[in-house]
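# Summary of the model geometry
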Amino acid sequence: MDMLGMYPTFYVPGIGTAWVMGIIGVIHVVASHTSVGASFLFALLETKAVRENKPQLMEFIRKYGMFLLVFSYIIGSITGPGIWYAITVASPRGVGGLIHNFVWVWAAEWVYFTVEVIGVYGLVYLIGKVDAKSHLKLTWSFALASWATMLLIVGILSFMMWPGHDNWYQTGSTNDAFYNLNFFAHLGTRTGSMFVMAVVVGLMVASRIEDMALRRSVVKFLAPIGLVGGLFAVMMFLYYLQTLPHNAVVMLNTHLLPVYAQGMVAVFVVSTLWLLFAWWKPHRIYTALAVAAFAFIAVVGVWPEERMRESMRKPYVAGQYIYGNQVIARDVPGKGISGEVDRIAEKGLLQLHPFIPDRLRVVNDGNRLEVGQLLAKVACANCHALERGTPLRNIPDKFHGATDEDLIAAFLQGPLKHGAQPYMPRIDLPETEVRAIAHFLAVTNSGQDVERLIAQQRSATRVAADASTPRSE
Amino acid sequence: MDIGTVMNTMRDPAGVPAHPVLFQALMVLTWVLHIAFVHLTLGAAGLAIFSFHRCSREGYWERLSMAMTKVAKVGVSLLIVLGVAPLLFTQVIYDPQWYASNVLSGRWAIGFIFTLILGYCSWFAFYYANHEGAKRHIGVFAWVGLLLFCLDGLIMHALSYQALLPGQWMDWYAPGGVVDTRGAALHAIQWPRYLFIMSLSVPAVGLFLIAYAHYFARREDREPAYRAFARSLGQRLASRGFVLALLPLLGWQMSHPAGSGLVAHPVGVLLVLAVIAMAGWTWRLREGTHGYLPLVGGLGLLAVLALWREVVRIAHLKPFGYDIANYVVHIDWPSTLLFFATLTGVGGLVGGYYLTLIYRAGRVQGLYTASRGVARLGSGAVAILAVWIAVFFIYGIAIWVRNSFL
């Protein structure tokens, strides 16, 4: 029996699973980058404390460490697996593809995670309870282990964008996937950002230090690290842009920069000014100001950054071989993987998808709207909401509220069928399926209550079926 | 469509990078560590709450409540991080089952994350407030935390159990032929199994208390009477807890599908016997028995449980023609080497250094100065990480240059 290895669909109206994933991802990125950056700040500060005999610096490390325990090692460590759960329900085949390519890399990262969690408790609770040299070794090893988690995850994340060369498709080797074209640029950007984030959070903690001499000493130490980290991040980000595939560049220029560019510039300016101010007037670092700066950078900076990175990958979710809608986009001979687009074009999603109820496998007047809705959820909803006016690139607004089925079908059978839109998957469907989707979108755009109409058609069909069934009495 | 064929088609087309049995073994082994901390955390949380409400100004209950609150706090961190590995390995060999189950209960899978965060934050609030003479109302935070942890356990149980019932997936996804993409329901719960696994939290904290009393034997600030109280309480909790756990275990054993061969399966019988043996042993635990031995026994019991879960899973999926042994294999030696080298080198040296340092420092009242051996271990930890990172970059740059420029 010919079928595709597709999964049932989980749909979140309005924001889609993409935003669910984005929200969890942003929380995780803020928490994890802070944690990795802070680990190096701890190591540098503690080295200074030992060399210059300034044990009072350890008090700052202890306070910051306690904050991290809640912020990074509760929220951060839960949202880490949380991203897995989110992408599992959003893109089961996408996450499956990543897992099966990188399982050993992730397993190695898990070793580091475990070490890191044990380490952070040791680091915080053993201050003043073990000799200084042993604690310093703990702190430096914790910093290196923390950064190693970043080294490992960035290879996977950057592969999600693309391998950047043809080798991986031919060899299937994890090496070729992991050390992809934009790996080092991506790593540099995140490494620089982690210092900025850690320093910004560090300033919040420092603002609570009552000993002004200690506060001054800590802030004067932290601020330049944040500035250098920020400068490095910007340089590496500009390099990163040069390592992107064509579809990402088009997406960036046409859809993303017009929306996010101003915010990105604002974040750069605000963080630079904030760090310079802290360096200049360390005693004026008030908690409310520090919290506001952190919130601004986290929300206006990280959310667009993560949204852009997710969006630029489109239409793919992994390695430019799995589309967002779970269809395998191309052959990967090195792994024995075959593309599925042409099979779908020939037989249709209704016949090949294993989780289509039998009553919907053949389109008729009684189920066209329902089939159209289901196909739109399967083929489009990973990237688009299906409701008018909703935030996730909703399809009705993309069609400007068009109610002309032929016009909608023309797009589906034109640019979409031939993959002419660089940031859209190639979706080539049989005529009946195209017509069903076009019908659904036209009805949605007309403002009618689609769910009610589907329910009415379903009951009408049931009544007709009952009427045509001979009574046994 | 035949769901067995569907499941085999849903497997990731990339195949697996080593023999599937290797992932299966790692999945079972790492689950033992994960569930051990689940039990310890839930047991410690329950005991912390019990002690908190019980505590008068006399006796050791208040002190015990504070200690168990800390244990639960650290335990949650560890159970989360240790849960990542079995989750990962499950997705490698049982990807169709795990992903389908999650998608079918999508809201619960996402809800798990947020309720866990809320539960943990609530527990942290309790931890900060639970000091000597703490006000009674802060107990609410602890209850909220524990109840959310139990809910999260139920969600994980349901997701795991639904994965064993592929024959019902289509009925859950499209009841009456009407597709429901909301993922709004937990479709299947096997209460005896859930209750059995949860009930092991009681003996787990009992075993921990016995070890706890032993660990602090050298600390003068943990006086003998307090340690004796902890050990005695631990012994009672362990022995009675194992007896209590027998009831849902027998219920679970009786609820296996007819014809599956699970009711009288040797591993299932071994599990029942192991629980009975642990109950008997802890009931009559001698004063001279090393405090850590019962804990080792408990880990052994969990190993049998982990194995039994896998036997049950295989028995459920076999009739559908799903067998991990025929998963396509594309061996990937470099990444396999990466994991095992990291596990032994970094896990052994760095993890070993941290655990040794924490263990030894905790047994000393006042400042602990590392012995020569521990100091060397610390230097080794930093060195191995430096070497690991150096190799990572040298090796990576070579591949990157070859692929991108040559």
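In this text the structure is predicted, and so the values were computed from the model without any measurement.

## Observations concerning the overall build of chain B
- Each helix and strand counted, chain B has 14 helices and zero strands in total.
- Listing the helices and strands of chain B from first to last along the sequence gives α-α-α-α-α-α-α-α-α-α-α-α-α-α.
- Over its C-alpha atoms chain B spans a radius of gyration of 24 Å, differing by no more than 12% from the 22 Å that the globule rule assigns to 406 residues.
- C-alpha extents for chain B along the principal axes are approximately 65 × 60 × 40 Å.
- Among the 406 residues that make up chain B, the fraction classed as buried is 57%.
- The long-range fraction of contacts in chain B, counting pairs at least 24 apart against all pairs at least 6 apart in sequence, stands at 83%.
- Carbon and sulfur atoms form 69% of the exposed surface of chain B, whose accessible area is close to 16,600 Å².

## Some points on the layout of surface pockets
Residues and elements named next belong to chain A.
- Considered as a void within the structure, the second largest pocket measures approximately 1,000 Å³ in volume.
- Ser193, Ala233, Val234, Met264 and Val267 are, among the 35 residues lining the second largest pocket, the residues nearest its centre.
- Every element with two or more residues in the lining of the second largest pocket is listed here: helix H1 (16–51), helix H7 (183–206), helix H8 (212–241), helix H9 (246–280) and helix H10 (287–312).
- Residues of the lining of the second largest pocket, tallied by class, amount to 23 nonpolar, nine polar and three charged.

## Some words on the nonpolar core
- Counting 324 residues, the largest nonpolar core has A:Tyr64, A:Tyr321, B:Met68, B:Phe89 and B:Phe196 as the members making the most contacts within it.
- Tallying contributions element by element places helix H3 (residues 92–125) of chain A first for this core, with 20 residues.
- If sequence neighbours within four positions are ignored, B:Phe196 has contacts with B:Ala245, B:Pro248, B:Leu249, B:Trp252, B:Leu271, B:Val275 and B:Leu305.

## With respect to the pattern of salt bridges
Residues and elements named next belong to chain A.
- Within this structure, the stated rule accounts for 26 salt bridges over all chains.
- Between Asp166 and Arg330 there is a salt bridge, with its nearest N and O atoms 3.9 Å apart. Placement of Asp166 in the loop between helix H4 (132–161) and helix H5 (167–171) and of Arg330 in the loop between strand E2 (322–323) and helix H11 (341–347) is noted, with a sequence separation of 164 residues between them.
- Among the residues examined, Arg330 registers a relative accessible area of 30% and is labelled partly exposed.
- Note that Glu310 is salt-bridged to Arg309, the shortest N-O span being 3.9 Å. The residues Glu310 and Arg309 share a single accessibility class, namely buried.
- In the salt-bridge network here, residues are joined through shared partners; they are Arg190, Glu306, Arg309, Glu310 and Arg313.

## Things to note about unusual backbone geometry
Residue and element names in this part refer to chain A.
- Following Lys314, the chain continues to Pro315 via a peptide bond in cis, the omega torsion being 10°.
- Take Pro315: it is sitting in the loop between H10 and strand E1 (316–318).
- Even without being a glycine, Gln326 presents a positive backbone phi close to 80°.
- Mapped onto the elements of the fold, Gln326 is located in the loop between E2 and H11.
- Residue class for Gln326 comes out buried when judged on its relative accessible area of 10%.

## A few points about the environment of B:Gly133
- Along the chain, the position of B:Gly133 falls in the loop between helix H5 (106–129) and helix H6 (139–162).
- In this structure, the C-alpha to C-alpha distance between B:Gly133 and B:Glu62, residues 71 residues apart in sequence, is 8.4 Å.

## Here's the deal with the interface of chain B and chain A
- If you look at the interface, chain B gives 110 residues, while chain A gives 104 residues.
- Overall, the association of chain B and chain A removes approximately 9,100 Å² of surface from exposure, summing both partners, and the carbon and sulfur fraction of that is 76%.
- Together, B:Met1, B:Tyr354 and B:Trp400 form the three largest contributors to the area buried by chain B at its contact with chain A, with a combined 8%.
- Here A:Asp176 makes a salt bridge to B:Arg402, at a shortest N to O gap of 2.7 Å.
- Every element with two or more residues in the side of chain B that touches chain A is listed here: helix H1 (3–10), helix H2 (20–54), helix H3 (61–93), helix H4 (95–104), H5, helix H7 (169–173), helix H13 (333–362) and helix H14 (372–405) of chain B.

Parameters at a glance
- Residues numbered from 1 in each chain as written.
- Chains lettered and ligands numbered in written order.
- Predicted model: local features only at pLDDT ≥ 70, side-chain atom pairs only at ≥ 80, totals over all residues.
- Heavy atoms only, no water.
- Helix = DSSP H or I, 4+ residues; strand = E, 2+ residues; numbered from the N terminus.
- Rg over C-alpha atoms; globule rule 2.2 N^0.38 Å.
- Buried < 20%, exposed > 50% of the residue type's maximum accessible area, 1.4 Å probe, protein only.
- Contact = heavy atoms within 4.5 Å.
- Areas by Shrake-Rupley, 256 points an atom, 1.4 Å probe, with all protein chains shown as cover.
- 1 Å grid on protein atoms, 1.4 Å probe; cavity = no way out; pocket = protein on both sides within 12 Å on 5 of 7 lines; lining within 4 Å.
- Points joined across faces, edges and corners; volume = space filled by probe spheres on them.
- Nonpolar A, V, L, I, M, F, W, Y, C, P; charged D, E, K, R; others polar.
- Core = buried A, V, L, I, M, F, W, Y, C linked by side-chain atoms within 4.5 Å.
- Salt bridge = Lys/Arg side-chain N within 4 Å of Asp/Glu carboxyl O.
- Buried area = accessible area lost by both parts, 1.4 Å probe.

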